[in-house]
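Coordinates in review
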Amino acid sequence: MSLPAQQLQFDDALLDDYSATVADAVDRIGPAVCRIERIGSAGGGQGSGFVITPDGLVVTNFHVVGDARSVRVTMPDGISREGRVLGRDPDTDIALVRADGSFADIAPLGDSKRLRRGQIAIAIGNPLGFEWTVTSGVVSALGRSMRASTGRLIDDVIQTDAALNPGNSGGPLVSSAGEVIGVNTAMIHGAQGIAFAVASNTANFVISEIIRFGRVRRAFIGVSADTTNLPRRAALLSQVSSSTAVRLRSVEAISPAARAGLKEGDIIAAIDGRPVTGVDDLVRLLDAERIGRETLCTVVRRSGIAQVTVMPVARS
């Protein structure tokens, strides 16, 4: 039985709106996406990146630049420039490059904390040598974790079904609003529709640290965590205004967290009175200033609210 003509017209209009949304986002971000190739480094290698400032700051993956000091940055107009690697953070697979010259087109970083599952997600990059390819899908899941090349877990990772292939690494994952919501970093070989991007808020933190210090300084307490809902009663008792917090999925043995008495399943609602609304807050609050300093964690447990003092150490 065929659909009524009115329904078909409605479906066509929806498809046209979807296509226009994706095309508009690509028009905004696409000109700022570049191809990145290593210079003078064993093993060669290439990937994608995107320009975030007019003076040539380019974000990409650590595994794209590797140990290279210089890279070749090629824009969609075919113009190539040399760039130097300002800093790299293997723990989040993020690297920052300074490319020569000035750039009219930039790709602004958005707020990944505002993402919802089901939102449109658009990947732009250079997969398998097919330059400036666009794929689209949705945000499949939020708050995932994946293991970096250092063996540590990257928290607050975005899962998407936008198709990624080798060469997409370092390129932007873009929202329908034309903002970068993540840095494409990995796909699962042999699986279809499962790919990952480092959240833009995590990338923003790493970029800020590299600009200020040339590297990312971190306090370490020895936990992995994910974002969870915070019941209203627990929020009131812990005196925080947020509706989300972080649940500890694991606590490393003989770590500052273990020595302080933190356990798997504990929910951290605040650090030194500042709300911890998600994993990105936990990462940001455990900065270099807390190394060797008593840090008060407001912890929600079945038994009630506990105040746990942790002494972070410098991450090696």
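The structure this text deals with has already been given above.
Residues numbered from 1 in each chain as written. Predicted model: local features only at pLDDT ≥ 70, side-chain atom pairs only at ≥ 80, totals over all residues. Heavy atoms only, no water.

Here's the deal with the sheet that holds strand β8 (residues 133-147)
Neighbouring strands of a sheet are bound in pairs by backbone hydrogen bonds; such pairs are parallel or else antiparallel. Quick note on the threshold: At least two bridges found by DSSP between two strands are what make those strands a pair. By definition, any uninterrupted DSSP run of H or I lasting at least four residues is a helix, any uninterrupted run of E lasting at least two residues is a strand, and each is numbered from the N terminus. To get an axis, fit a line to the C-alpha atoms, keeping to the stretch in contact for a helix; angles then go from 0 to 180 degrees between the N-to-C directions. Residue contacts are defined here by distance: any two heavy atoms, one from each residue, within 4.5 Å place the two residues in contact.
Reading around the circumference, β7-β8-β9-β12-β11-β10 is the order of the six strands in this closed barrel, with antiparallel pairing throughout. Each strand axis lies, on average, 50 degrees off the axis of its neighbour in the sheet, ignoring direction. Note that strand β7 (residues 120-125) and β8 share six bridges and pair antiparallel. Across the sheet, G125 pairs through a bridge with T133, a residue of β8. Lying over the sheet, helix α3 (residues 200-213) contacts β9 (153-160), β11 (180-187) and β12 (195-199), oriented at roughly 45 degrees with respect to β12.

With respect to the packing of aromatic side chains
Rule in force here: Any Phe, Tyr or Trp ring, taking Trp's six-membered ring, that has another such ring centre within 6.5 Å forms a pair; planes under 30 degrees apart are called stacked, those over 60 apart edge-to-face, and the others tilted. Any Lys NZ or Arg CZ that is within 6 Å of a ring centre and within 35 degrees of that ring's normal is treated as a charge sitting over the ring.
Taken as a whole, this structure holds zero aromatic pairs when the rule is applied. Residue placement shows R81 over the ring face of F103; its charged tip is 4.3 Å from the ring centre. Here R217 stacks its cationic end above the ring of F213, 3.7 Å away from the centre of that ring.

Thoughts on the environment of T309
Which entries qualify depends on this criterion: Relative accessible area decides the class of each residue, using a 1.4 Å probe on protein chains only: under 20% of the type maximum gives buried, over 50% gives exposed, and in between gives partly exposed.
Along the polypeptide, T309 turns up in strand β19 (residues 304-310). What makes T309 partly exposed here is its relative accessible area of 40%. Note: C-alpha distance between T309 and A186 (123 residues apart in sequence) is 36 Å. Setting aside residues no more than four positions away along its own chain, T309 makes contact with A260, E294, T295 and L296.

Some remarks on the pairing of β19
Along a regular strand, successive side chains alternate from one face of the sheet to the other. Note: strand β18 (residues 295-301) against β19, seven bridges, orientation antiparallel. Each residue of the ladder has a partner; that of V300, found in β19, is I305. The hairpin turn running from β18 into β19, its antiparallel successor, is two residues long.

Examining the pattern of salt bridges
For clarity, the cut-off: A carboxyl oxygen of Asp or Glu within 4 Å of a side-chain nitrogen of Lys or Arg is what we treat as a salt bridge.
Under the defined criterion, the tally for this structure stands at 11 salt bridges. Between E131 and R35 there is a salt bridge, and its shortest N-O distance comes to 2.2 Å. Of the two residues, E131 sits in the loop between β7 and β8 while R35 sits in strand β1 (residues 33-39), which places them 96 residues apart along the sequence. According to the relative accessible area criterion, R35 is buried, its value standing at 13%. A salt bridge links D226 to R249; the nearest nitrogen and oxygen atoms lie 3.5 Å apart.

Considering the side chain of S255
The residue S255 is located in the loop between β15 (244-251) and α5 (256-260) in this model. Setting aside its immediate chain neighbours within four residues, S255 contacts I221 and G222.

Some points on the sheet that holds β1
Overall, antiparallel pairing links the six strands, which are arranged β1-β2-β3-β6-β5-β4 in a closed barrel. Strand after strand, the sheet turns through a mean of 40 degrees between neighbouring axes, direction not considered. Running over the sheet, α3 touches β3 (57-60), β5 (80-89) and β6 (94-99) and is turned about 55 degrees from β6.

Here's the deal with the nonpolar core
Definition in use: Throughout this description, the term nonpolar core refers to a set of buried Ala, Val, Leu, Ile, Met, Phe, Trp, Tyr and Cys residues connected via side-chain atoms within 4.5 Å.
In terms of nonpolar packing, the biggest core is built from 46 residues, with V59 and I122 touching the most fellow members. I122 has contacts with V22, A25, V26, V134, T135, S136, P172, L173, V174 and S175, leaving out every residue within four places of it along the chain. Core analysis: the second largest hydrophobic core is formed by 19 residues, I221, A257, V276 and L282 among them.

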